[in-house]
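Chain by chain, the residues run as shown.
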Amino acid sequence: DAGVTQSPTHLIKTRGQQVTLRCSPKSGHDTVSWYQQALGQGPQFIFQYYEEEERQRGNFPDRFSGHQFPNYSSELNVNALLLGDSALYLCASSYQETQYFGPGTRLLVL
Amino acid sequence: EDQVTQSPEALRLQEGESSSLNCSYTVSGLRGLFWYRQDPGKGPEFLFTLYSAGEEKEKERLKATLTKKESFLHITAPKPEDSATYLCAVQPRGGATNKLIFGTGTLLAVQP
């Protein structure tokens with residue numbers, strides 16, 4: 001059973017650009033959550049998708065948006081990138097309470 | 001406001017030297033408390049879920065316990081491969097999602 005997968009593994013962008021990150025959940029999981037983890041910090045909740053709809057959003061601006069597809073995979077889009085958006089972006093999938101994380105996408109904004 | 005505080009920030013142990021990591025939390029209602037292990041540059045790996053005060057769970061050299069205000073992760077006779085950052089997270093009851101609120105983690109280094 002493949003776990004949660006994310007692509008790409010690493011990404012370098014410049015300020016003002018846009019980025020799309022992708023996530024495929026574990027088999028049997030229907031819910032996808034996205035988190036941002038800055039260096040030395042714990043993951044911060046961005047939003048969660050279920051049945052192709054955003055169910056809840058953390059304290060992140062509208063520059064962060066997402067989508068869930070009928071096969072439960074998900075994308076995270078970030079527009080107008082800022083230097084402070086540099087972080088590890090984690091996707092987690094779940095069926096009930098427990099969330100299982102992917103390896104993350106390391107985004108560097110120059 | 002829901003909050004999680006972990007201590008110590010960093011811990012260095014000799015191989016075989018047992019110790020405990022602390023996770024204090026404030027939450028309006030607790031659905032569950034989670035422990036994860038994270039290796040450098042990787043995603044968190046699920047370890048345990050605890051749901052109610054008094055509950056304990058064990059896995060190899062790790063044991064997690066829960067009270068109404070805090071959780072402990074006890075590490076017995078650690079080995080160098082136990083070196084990692086250990087993250088604690090709470091899942092508030094209610095709301096539309098099963099979102100997690102994380103602490104900043106404890107960086108554990110076990111020296112041979």
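Bear in mind that the values here come from a model prediction, so they are computed numbers and not experimental data. (Residues numbered from 1 in each chain as written. Chains lettered and ligands numbered in written order. Predicted model: local features only at pLDDT ≥ 70, side-chain atom pairs only at ≥ 80, totals over all residues. Heavy atoms only, no water.)

(A) Molecular detail of the overall build of chain A. A tally of helices and strands in chain A yields 0 helices and 11 strands. Tracing chain A from N to C terminus, the helices and strands come up as β-β-β-β-β-β-β-β-β-β-β. Scaling as 2.2 N^0.38, a compact globule of 110 residues should have a C-alpha radius of gyration of about 13 Å, and chain A matches this with 13 Å. In terms of overall dimensions, chain A has a C-alpha envelope of 40 × 25 × 25 Å along the principal axes. Sorting the 110 residues of chain A into buried and exposed places 48% on the buried side. Here the analysis covers contacts within chain A between residues at least 6 apart in sequence; of these, 51% occur between residues at least 24 apart. For chain A, the accessible area works out to roughly 5,400 Å², and carbon and sulfur atoms hold 48% of it. The averaged location of the 10 negative side-chain charges in chain A is 13 Å from the averaged location of its 8 positive side-chain charges. (Helix = DSSP H or I, 4+ residues; strand = E, 2+ residues; numbered from the N terminus. Rg over C-alpha atoms; globule rule 2.2 N^0.38 Å. Buried < 20%, exposed > 50% of the residue type's maximum accessible area, 1.4 Å probe, protein only. Contact = heavy atoms within 4.5 Å. Areas by Shrake-Rupley, 256 points an atom, 1.4 Å probe, with all protein chains shown as cover. Lys, Arg positive; Asp, Glu negative; His and termini not counted. Charge placed at Lys NZ, Arg CZ, Asp CG, Glu CD.)

(B) A look at the state of the cysteines. Across all of its chains, the model carries 2 disulfides over all chains by this definition. At a sulfur-sulfur separation of 1.8 Å, the disulfide partner of A:C23 is A:C91. Taking the sign of the torsion about the S-S bond as the criterion, the disulfide between A:C23 and A:C91, at about -55°, is left-handed. You can see A:C23 sitting in strand β3 (residues 19-24) and its partner A:C91 sitting in strand β9 (residues 87-94), a full 68 residues away along the chain. Like A:C91, A:C23 is buried. A sulfur-sulfur separation of 1.9 Å characterises the disulfide bridge that pairs B:C23 with B:C88. When the S-S torsion is -60°, as for the bridge of B:C23 with B:C88, the disulfide is left-handed. In this pair, B:C23 is assigned in strand β3 (residues 19-26) and B:C88 in strand β9 (residues 84-92), connecting sequence segments 65 residues apart. Judged by relative accessible area, B:C23 falls into the buried class, the value being 0%. (Disulfide = S-S within 2.5 Å.)

(C) Here's a closer look at the pairing of β3(A). Residues and elements named next belong to chain A. Of the pairings in the sheet, the one linking strand β1 (residues 5-7) to β3 comprises 3 bridges and is antiparallel in character. Among the inter-strand pairings, Q6 is bridged to a residue of β3, identified as C23. Where β3 and strand β8 (residues 74-78) come together, 5 bridges link them in antiparallel fashion. Bridging from a neighbouring strand, L21 pairs with L76 of β8. (Pairing = 2+ DSSP bridges.)

(D) Region of the structure containing the sheet that holds β3(B). All names here are of chain B. Here we have 5 strands laid out as an open sheet, ordered β1-β3-β8-β7-β6, and antiparallel in their pairing. Pairing within the sheet leaves two strands with one partner each, and these edge strands are β1 (3-7) and β6 (56-59). Mean inter-strand twist for the sheet, computed between neighbouring axes without regard to direction, equals 15°. Judged from the 5 bridges that link them, strand β7 (residues 62-66) and strand β8 (residues 70-75) form a sheet pairing that is antiparallel. When the sheet's bridge partners are listed, K63 is paired in β8 with H74. (Axes fitted to C-alpha atoms, helices over the stretch in contact; angles between N-to-C directions.)

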